[in-house]
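# Residue-level structural notes
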Amino acid sequence: RLDAILQGETLQERKEALDGPARAKDLADSYKKSVDRIEEQESLFAIRILQWVLYAQRLLTWEELLGALAAETGADDSELDGLPPISVLELTLGLVTVEDSVVRFIHLTVPEYLRKRWINATNDPAVLPRILLQFFTSKALRHAPNLHRFEKDGDLRPFLQYAYQNWGHHLYQR
């Protein structure tokens, strides 16, 4: 079933494959297999992508997601610039896609499944506030030019505005 979904070349084709004759149980089984494979591979990037897309207060742009991933590793955003958006689909085994620079789940049933069934040590929403704190205290941010004007100018890393506006929610979401 997942192979049929991933064979779709456009988001619309993938949605049609998902909305076809498959029942909810088939989807849940497919999601479980994907999540199990991601956890078996111990792919921290894939796990973080799932967490950010699941717990974000709004849809993230591709650039914001790269900033979130860079914040945890201490990397500069430019170090992840070469990562193509299609890699999200590959890393998350078809659960997340990027369309028009917006990162989202491939189907509305994916976050429903993850909220109900993906509850274990790997999926700890408390890790996101720690990442945000690490981001706010990073050397790169402390030395960023025009930090006091980032809301107006939007000239800093795209993740900064999301982090600034939503860190409190992530802190209390735990």
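Calculation criteria
- Residues numbered from 1 in each chain as written.
- Predicted model: local features only at pLDDT ≥ 70, side-chain atom pairs only at ≥ 80, totals over all residues.
- Heavy atoms only, no water.
- Helix = DSSP H or I, 4+ residues; strand = E, 2+ residues; numbered from the N terminus.
- Buried < 20%, exposed > 50% of the residue type's maximum accessible area, 1.4 Å probe, protein only.
- Areas by Shrake-Rupley, 256 points an atom, 1.4 Å probe, with all protein chains shown as cover.
- Polar contact = N/O pair within 3.5 Å; in protein donor to acceptor, adjacent residues only side chain to side chain.
- Contact = heavy atoms within 4.5 Å.
- 1 Å grid on protein atoms, 1.4 Å probe; cavity = no way out; pocket = protein on both sides within 12 Å on 5 of 7 lines; lining within 4 Å.
- Points joined across faces, edges and corners; volume = space filled by probe spheres on them.
- Nonpolar A, V, L, I, M, F, W, Y, C, P; charged D, E, K, R; others polar.
- Salt bridge = Lys/Arg side-chain N within 4 Å of Asp/Glu carboxyl O.
- Pairing = 2+ DSSP bridges.
- Axes fitted to C-alpha atoms, helices over the stretch in contact; angles between N-to-C directions.
- Core = buried A, V, L, I, M, F, W, Y, C linked by side-chain atoms within 4.5 Å.

### Thoughts on the overall build of the chain
Scanning the chain from N- to C-terminus turns up 11 helices and three strands. Each helix (α) and strand (β) of the chain, taken in turn from the N terminus, gives the series α-α-α-α-β-α-α-β-β-α-α-α-α-α. Looking at the 174 residues of the chain, the share that counts as buried comes to 45%. For the chain, the exposed surface amounts to about 9700 Å²; the carbon and sulfur share of it is 51%.

### A word on unusual backbone geometry
Residue E42 is not a glycine yet carries a positive backbone phi of 50°. With respect to the helices and strands, E42 occurs in the loop between α3 (24-41) and α4 (44-55). Within the chain, L93 stands out as a residue other than glycine whose phi angle is a positive 55°. With respect to the helices, strands and loops of the structure, L93 is situated in the loop between α6 (86-91) and β2 (96-99). Taking relative accessible area as the criterion, L93 reaches 12% and is therefore assigned buried.

### Structural notes on the side chain of T92
Its place among the elements puts T92 in the loop between α6 and β2. In this structure the side chain of T92 is engaged in a polar contact, spanning 2.7 Å, whose partner is the backbone oxygen of V88. Aside from chain neighbours lying at most four places away, what touches T92 is I38, A46, I49 and L50.

### Notes on the layout of surface pockets
In this structure, the largest pocket encloses a volume near 260 Å³. Around the largest pocket sit 16 residues that line it, and L59, R104, F105, H107 and L108 are the ones nearest its centre. Those elements giving two or more residues to the lining of the largest pocket turn out to be α2 (11-18), α4 and β3 (102-105). Here the lining of the largest pocket gets three residues from one element, more than from any other, and that element is β3. Each residue belonging to the lining of the largest pocket can be placed in one class, and the counts come to 11 nonpolar, two polar and three charged.

### Remarks on the pattern of salt bridges
Summed over all chains, the structure comprises two salt bridges. A salt bridge links K32 to D36; the shortest N-O distance between them is 2.7 Å. Note that K32 and D36 are positioned in helix α3 at a spacing of four residues, about one turn of the helix. Looking at K32, the relative accessible area reads 41%, which means it is partly exposed. Salt-bridge contacts for E64 lead to R58; the nearest nitrogen and oxygen are separated by 2.6 Å. For R58, a relative accessible area of 34% puts it in the partly exposed group.

### Let's talk about the sheet that holds β2
Within the open sheet, the three strands sit side by side as β1-β3-β2. Their pairing is antiparallel. In this open sheet, the two strands that pair with only one neighbour each are β1 (60-61) and β2. Along the sheet face, α4 touches β1, β2 and β3 and points at about 90° away from the line of β3.

### Brief notes about the nonpolar core
W52, L65, V96, L114 and F159 are the most contacted members of the largest nonpolar core, which has 43 residues in total. Of all the elements in the fold, those that place two or more residues in this core are α3, α4, α5 (62-73), β2, β3, α7 (109-117), α8 (127-136) and α11 (158-173). Here this core gets eight residues from one element, more than from any other, and that element is α4. Aside from chain neighbours lying at most four places away, what touches V96 is I49, L50, V53, V88, L89, V103, R104, F105 and I106.

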